[in-house]
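One letter stands for each residue in the lines below.
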Amino acid sequence: MGVFGGAFDPPHLGHRALAQAALAQLQLDALCIIPTGQAWHKARDLTPALHRLAMAELAFAGLEGVTVDPRETRRPGASYTVDTLRELRSEHPQAQLFLILGQDQAQALTSWHRWEEIPQLAIICVADRAGFPGGEGAFDALLPAVPNARRLEMPPVDVSATDIRQHLANHQSVAPLVFEPVARYIALHHLYQTA
Ligand code: ATP
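In this report, the structure presented in the accompanying data block is examined. (Residues numbered from 1 in each chain as written. Predicted model: local features only at pLDDT ≥ 70, side-chain atom pairs only at ≥ 80, totals over all residues. Heavy atoms only, no water.)

**Let's talk about the overall build of the protein chain**
Check the secondary structure of the protein chain and you find 9 helices and 8 strands. Its C-alpha atoms give the protein chain a radius of gyration of 16 Å, near enough to 16 Å, the size a compact globule of 195 residues would have. If you line up the protein chain on its principal axes, its C-alpha atoms span 45 × 35 × 35 Å. Contacts in the protein chain between residues at least 24 apart in sequence constitute 76% of all its contacts with a sequence separation of at least 6. For the protein chain, the exposed surface amounts to about 9,600 Å²; the carbon and sulfur share of it is 53%. Separation between the mean location of the 15 positive side-chain charges and that of the 20 negative ones in the protein chain comes to 4 Å. (Helix = DSSP H or I, 4+ residues; strand = E, 2+ residues; numbered from the N terminus. Rg over C-alpha atoms; globule rule 2.2 N^0.38 Å. Contact = heavy atoms within 4.5 Å. Areas by Shrake-Rupley, 256 points an atom, 1.4 Å probe, with all protein chains shown as cover. Lys, Arg positive; Asp, Glu negative; His and termini not counted. Charge placed at Lys NZ, Arg CZ, Asp CG, Glu CD.)

**A look at the pattern of salt bridges**
In total, this model carries 10 salt bridges according to the counting rule given. Ionic contacts of the salt-bridge type, sharing partners, join the residues D69, R71, R75, E87 and E91 into one network. (Salt bridge = Lys/Arg side-chain N within 4 Å of Asp/Glu carboxyl O.)

**Looking at the sheet that holds strand β8 (residues 150-152)**
Sheet architecture is open: 6 strands sit in the order β4-β2-β1-β6-β7-β8, paired in parallel fashion. Edge positions in the open sheet fall to β4 (66-68) and β8, since each of these has one partner strand only. This sheet shows a mean twist of 30° between the axes of neighbouring strands, independent of strand direction. Along the sheet, helix α2 (residues 49-59) makes contact with β2 (31-35) and β4, crossing β2 at roughly 150°. (Pairing = 2+ DSSP bridges. Axes fitted to C-alpha atoms, helices over the stretch in contact; angles between N-to-C directions.)

**A closer look at α2**
For α2, the full list of buried residues reads H51, R52, L53, M55, A56 and A59. Where α2 is buried, its residues meet α1 (13-25), β2, β4, α3 (71-74) and α9 (180-188). (Buried < 20%, exposed > 50% of the residue type's maximum accessible area, 1.4 Å probe, protein only.)

**Some points on the nonpolar core**
Residues F4, L26, L31, I33, F60, I100 and L152 are the most contacted members of the largest nonpolar core, which totals 38 residues. When contributions to this core are tallied by element, the ones reaching two or more residues are α1, β2, α2, β4, β6 (98-102), β7 (123-127), α8 (161-169) and α9. Per-element tally for this core: the top contributor is α1, with 6 residues. Aside from chain neighbours lying at most four places away, what touches L26 is A21, F98, I100, C125, R150 and L152. (Core = buried A, V, L, I, M, F, W, Y, C linked by side-chain atoms within 4.5 Å.)

**Focus: the environment of T36**
You can see T36 is positioned in the loop between β2 and β3 (38-39). Its relative accessible area of 12% is what places T36 among the buried residues. Residues T36 and G6, 30 residues apart in the sequence, show an inter-C-alpha distance of 5.7 Å. Those residues in contact with T36, other than ones at most four positions away along the chain, are G6, A7, L46, R52, E72 and T73.

**Considerations on the environment of H15**
By secondary structure assignment, the location of H15 is in helix α1. For the pair formed by H15 and F139, sequence separation is 124 residues and the distance between their alpha carbons is 19 Å. Those residues within four positions of H15 in sequence are excluded, and the remaining contacts are F4, F8, P10 and F60.

See below:
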């Protein structure tokens, strides 16, 4: 079972490509998309969970085995990946968990709350991220701490949610950066109108 967390504020084509890569390369029968609640490492206020959950449903629609899991958005206070993995492990004791990360998050992993427990709960799978320095070096740097980390191949998709919010605040089109139903949802709900 794959576990792919993120703010998804908004979810974009980089996220979808990473989910597709994980499904194909890890032969996953299930992939849980887990939008964060109060992400302790993001300084900015996130868009209300209701919208991020709805956009995630649209962004990953049609990918077999993918479900959007609201558990972190329902947790009061700070939300930690290690707690989510522990919950999933007790709910699915037979399943091998795979934690899916982009390179920037993988670089930060050893600063996460109780990070040492994470490799015992899940195989960590890292995808390169276009536009972030360090590529292969960043993956190699993780290996001493997480020797069983795996690399995911994906075509570079040079987009971030930050870029998208900026484009929208400047009234620029985000059509090439997000899945079309997400673009429609953003327009319908007038999201990200200010920087
Ligand atoms: P922000 O710009 O607000 O920081 P983001 O685009 O990084 O957002 P997140 O929701 O924080 O999006 O990312 C969730 C996960 O997806 C992280 O593990 C991140 O590394 C990965 N990810 C996001 N965009 C890409 C991309 N373009 N290519 C590969 N991985 C990505």
